[in-house]
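Reading the structure
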Amino acid sequence: MRRNAKYWIACAAALLVLLNVPATRGQEAGVITPAPYQTAWQDLEFGVILHFSTNTFLDREWGDGTASPATFNPTQFDPDQWMKAIRDSGAKYVVLVAKHHDGFCLWPTGQTDYSVKSSPWQNGKGDVVGDVARAARKYGLKFGVYLSPWDRHEPKYKDSAEYDKYYNAELEELATNYGDLVEFWLDGAGSAGHVYNFPKIVETLRTYQPNTVVFADMALFEYGDARWVGNEAGVVPYENWNVIDRHGYRRWRPAEADTPLRKMHWFWHPNDEASLKSVPELLDAYDSSAGRGAQLMLGLAPDKRGLLPDSDVKRLEEFGAALQKRAENNLAAHHAATTPEAAAALDNDPDTFWSAPAGSHHAQLEVVFDKPETFDHAVTMEWLNDGQHVEKYAIEVWSESEHKWKPVAQGQAIGHKKIDKFPAVTARRVRLDILSSTSEAHIREFQLFNWAGN
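Structure report, in brief. Please read all numbers here as calculations on a predicted model, not as lab measurements. (Residues numbered from 1 in each chain as written. Predicted model: local features only at pLDDT ≥ 70, side-chain atom pairs only at ≥ 80, totals over all residues. Heavy atoms only, no water.)

Attention now goes to the overall build of the protein chain. Regarding its fold elements, the protein chain presents 10 helices and 16 strands. For a compact globule of 454 residues, the expected C-alpha radius of gyration is about 22 Å, and the protein chain comes in at 25 Å, within 12% of that figure. Looking at the protein chain as a whole, 55% of its 454 residues qualify as buried. When contacts within the protein chain are restricted to residue pairs at least 6 apart in sequence, those whose partners lie at least 24 apart make up 76%. Taken as a whole, the protein chain presents about 19900 Å² of accessible surface, with 52% of it coming from carbon and sulfur. (Helix = DSSP H or I, 4+ residues; strand = E, 2+ residues; numbered from the N terminus. Rg over C-alpha atoms; globule rule 2.2 N^0.38 Å. Buried < 20%, exposed > 50% of the residue type's maximum accessible area, 1.4 Å probe, protein only. Contact = heavy atoms within 4.5 Å. Areas by Shrake-Rupley, 256 points an atom, 1.4 Å probe, with all protein chains shown as cover.)

Structure follows, in structure tokens:
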């Protein structure tokens, strides 16, 4: 005869007790692995977030929702100029702030008149979101949006249920009219006591955009695919593990580290040239974010003309050139003869990888040169599709005079990418020593560079 659901659940629970297997749910069970869209997003490594709205014309960082739509009137709006500079910086994706906390919408939404359709720009016929999305894809960049839940203009905000309908209708417009979205920023800033229906927000997004990475801070842990790093300095100040536990739930939540190109300024401001970060400062931010297994999210701000300032364009080009130059001479790619398996981690191709022996918790990947080479940085990438396994590692060189291996760098997490800096050393043999791993380690790339020498 047929049994009801409660009967089968009881049987399963009894069997688990007999087998002494703990009853666990979903991603709390066993090894936590990423979704394919999460690893694809992590491979992008470096993106930008664009702030451009009425604040741009009012010399403000935070609007209060009272600015007239007539305030928004760029005279030389050119998102192609933005995207060329962004592409030249080395960034791979763009997130546009479609609505900031002031509630002004950069697309002609059907939910409110507080948008570009009420501005003099393009006689109210313009669509910043659409133009930026097209320009991004033209320059080979992925596109995403930020839609602020906090809204200091919309009267419905005082009524949680009514505002939730309003917000989700806006989100549906963005999720259905602008192509694939690589990332959706979900921010709980401000809020003034408002309680959002975050499950419904994510449900609305997922209905139309199942492969969009949802960025959220740790307070919204259950609803995000990526987490805020915890500061706006573009720095990961801790050992960076992709699996995070909150309230007993473990999830794959890689970090994104956001920081503006201009110190402490997300929107454009006049007479602000002194705040522009230098190339060394940007390289430090890259090494402290992407170089510690996180995404670098760099904040850019077009000016009131609708253009990125010339100095910003130049700095982005300089930054991109510096990143490209650093990647040009991977010494490990010029290794002596080795096994095909080891060569897969030394070939400048992150789509191939070396695997330690199955079931191992300790292994070495060695590089041998025909002659001694000098290097001061190592770049290591872990293949993460079946989880983050490396728990402790060292980079060691063989001392010919002492006949032993000597560590030059060591750490715990590798994750998507780890950049290790150390005093320049000259050696013919070097190895990545996996001192501890939860299972066999998988290494996509082990690269060696002499950046100071170059």
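So that's the structure; there's more coming.
Turning to the environment of Phe-104, a few remarks are in order. Counting through the fold element by element, Phe-104 comes out in the loop between strand S2 (93-99) and helix H5 (128-138). Once the C-alpha coordinates of Phe-104 and Phe-46 are considered, the two residues, 58 residues apart in sequence, prove to be 27 Å apart. When sequence neighbours within four positions are dropped, the list of residues in contact with Phe-104 reads Ser-53, Thr-54, Pro-69, Phe-72, Ala-98, Lys-99, Tyr-114, Ser-115 and Val-116.

Here we take up the nonpolar core. Ranked by internal contacts, the top residues of the largest apolar core, which has 72 residues, are Met-83, Ile-86, Phe-143 and Leu-186. Counting residues per element, this core draws most heavily on H5, which supplies six residues. Once residues lying within four places of it in the same chain are set aside, the contact partners of Ile-86 are Val-48, Leu-50, Ala-91, Val-94, Leu-141 and Leu-300. Counting residues in hydrophobic clusters, the runner-up holds 29 residues, among them Ala-345, Leu-365, Val-367 and Ile-434. (Core = buried A, V, L, I, M, F, W, Y, C linked by side-chain atoms within 4.5 Å.)

Another point: the packing of aromatic side chains. Within this structure, the stated rule accounts for 25 aromatic pairs. Measuring from ring centre to ring centre gives 4.4 Å for Phe-353 and Trp-383, while their planes differ by 15 degrees; the resulting arrangement is stacked. In this pair, Phe-353 is assigned in the loop between helix H10 (340-343) and strand S11 (354-355) and Trp-383 in the loop between strand S12 (363-382) and strand S13 (390-399), connecting sequence segments 30 residues apart. Look at Phe-353 and you get partly exposed, because its relative accessible area is 28%. Here the aromatic cluster, defined as three or more aromatic residues joined through ring pairs, consists of Phe-52, Phe-57, Phe-72, Phe-77, Trp-82, Phe-104, Tyr-114 and Trp-121. Positioned over the ring face of Trp-451 is Arg-326, at 3.9 Å from the centre of the ring. (Phe/Tyr/Trp six-rings, centres within 6.5 Å; stacked < 30°, edge-to-face > 60°. Lys NZ or Arg CZ within 6 Å of the ring centre and 35° of its normal.)

The next subject is the sheet that holds strand S14 (residues 404-411). Across a sheet, strands are paired by hydrogen bonds formed along the backbone, either parallel or antiparallel in direction. Reading across the sheet, the six strands line up as S11-S16-S12-S15-S13-S14 and stay open at both edges, with antiparallel pairing between neighbours. On the outer flanks of this sheet lie S11 and S14, each paired with one strand and no other. Direction of pairing for S13 relative to strand S15 (residues 418-437): antiparallel, over a ladder of seven bridges. Within S15, the residue paired with Lys-392 across the bridge is Ser-436. (Pairing = 2+ DSSP bridges.)

Okay, helix H7 (residues 198-208) next. Within H7 the residues assigned to the buried category are Phe-198, Ile-201, Val-202, Thr-204 and Leu-205. Take H7 and look down its axis: the buried residues cluster within an arc of 155 degrees, on one side only. The secondary structure elements touched by the buried residues of H7 are helix H6 (160-177), strand S4 (183-185) and strand S5 (213-216). (Arc of directions from axis to C-beta.)

Attention shifts here to the sheet that holds strand S1 (residues 46-50). Taking strand neighbours around the barrel as the criterion, the eight strands line up as S1-S2-S3-S4-S5-S6-S9-S10 in a closed arrangement whose pairing is parallel. Along the sheet, successive strands turn relative to each other by an average axial angle of 25 degrees, direction set aside. Of the strand pairs in this sheet, S1 and S2 are connected by four bridges, and their pairing is parallel. Bridging from a neighbouring strand, Val-48 pairs with Val-94 of S2. On top of the sheet, H5 reaches S1, S2 and strand S3 (142-147); it is set at about 155 degrees to S3, its chief contact. (Axes fitted to C-alpha atoms, helices over the stretch in contact; angles between N-to-C directions.)

This part is about the side chain of Asn-240. Relative to the elements of secondary structure, Asn-240 occurs in the loop between strand S6 (226-228) and strand S7 (243-246). Within the local environment of Asn-240, its side chain forms a polar contact with the backbone oxygen of Gly-293, the two atoms lying 3.5 Å apart. When sequence neighbours within four positions are dropped, the list of residues in contact with Asn-240 reads Arg-227, Ala-255, Arg-292, Gly-293, Ala-294, Gln-388 and Ala-413. (Polar contact = N/O pair within 3.5 Å; in protein donor to acceptor, adjacent residues only side chain to side chain.)

Time to look at the pairing of S7. Here four bridges tie S7 to strand S8 (residues 249-252), and the two strands are oriented antiparallel to one another. Note on S8: the bridge partner recorded for Arg-246 is Tyr-249. Hairpin remark: S7 followed by S8, antiparallel, with two residues in the connecting loop; positive phi at His-247, about 55 degrees.

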